[in-house]
Amino acid sequence: MRRRCYTSPVLPRFRRGAFLLFALSFVSTMLLGDTDIGARLLLAPGEVLASRGLWQLSTALFTYPEPIRGAMVVTLGVQWFVAGRLEEFWGARRYLIMAIVSALAGYGAFLALAAVFPAWTELRVGGPGAFDVAAATAFAVSHGRQTFR
C-alpha cells in the first residue's frame, strides 16, 4: 500500500534584519506614537529646514503618527514576506544598509520637496513605510523575472 505524502503550506521565516526593523517600529509606535515624545520624533520639515531637529530624519523612520497605527500590519507583512526573502538572498547586513539608506533618501527627498512647496513644512510625517517601499522595490528589481508557486 502506498502512503500519501501531504505537504502543508509553510510560512517563510522572519529574518533577523527584517524582524529588527519591524520590532523597533512596533515598539516605538505602540509606546510613543500617541504621546508628546512621539510627536517630536516625527519629521517636521519646517523645523528641519530651519536647522532644528535634524535627528528627526532618523527617528521618524520608526514611529507612525498616532492615527495610522493600523499600518503596522502592512509593515509586518512586507517585512516578513518580502524583506525576509530579500534578506535570505542578500544577507542581513546588506538588506539593512539598503533599507535604511533608501528610507533616509526618501525622507531627504520629502524635505527637498517641502523646501519647494511651503505648505508641506507644516506637516508631520513618519513611519517605516519608507522601509516597506524600499523592500518592495528591491524585491521587484531583484526577483522580477523569477517564477513563484
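Above this note sits the structure.
From a predicted model like this one, the values you see are computed outputs, not experimental measurements. (Residues numbered from 1 in each chain as written. Predicted model: local features only at pLDDT ≥ 70, side-chain atom pairs only at ≥ 80, totals over all residues. Heavy atoms only, no water.)

1. A closer look at the overall build of the protein chain
Secondary structure assignment for the protein chain yields seven helices and zero strands. Going from the N terminus to the C terminus, the protein chain shows its helices and strands as α-α-α-α-α-α-α. Along the longest, intermediate and shortest principal axes, the C-alpha atoms of the protein chain span 75 × 30 × 25 Å. The 149 residues of the protein chain split such that 35% are buried. Nonlocal contacts in the protein chain, meaning residues at least 24 apart in sequence, comprise 77% of its contacts between residues at least 6 apart. Accessible surface, the protein chain: about 9500 Å² in total, of which carbon and sulfur atoms supply 64%. Separation between the mean location of the 15 positive side-chain charges and that of the 8 negative ones in the protein chain comes to 20 Å. (Helix = DSSP H or I, 4+ residues; strand = E, 2+ residues; numbered from the N terminus. Buried < 20%, exposed > 50% of the residue type's maximum accessible area, 1.4 Å probe, protein only. Contact = heavy atoms within 4.5 Å. Areas by Shrake-Rupley, 256 points an atom, 1.4 Å probe, with all protein chains shown as cover. Lys, Arg positive; Asp, Glu negative; His and termini not counted. Charge placed at Lys NZ, Arg CZ, Asp CG, Glu CD.)

2. What to know about the environment of Ala60
Looking at the secondary structure, you find Ala60 in the loop between helix H4 (56–59) and helix H5 (71–90). Given the relative accessible area of 0%, Ala60 is considered buried. The spatial distance from the C-alpha of Ala60 to the C-alpha of Ala103 is 10.0 Å, given a sequence separation of 43 residues. Discounting residues that sit within four places of it in the chain, Ala60 has contacts with Leu41, Leu42, Leu43, Tyr107, Val125, Gly126 and Gly127.

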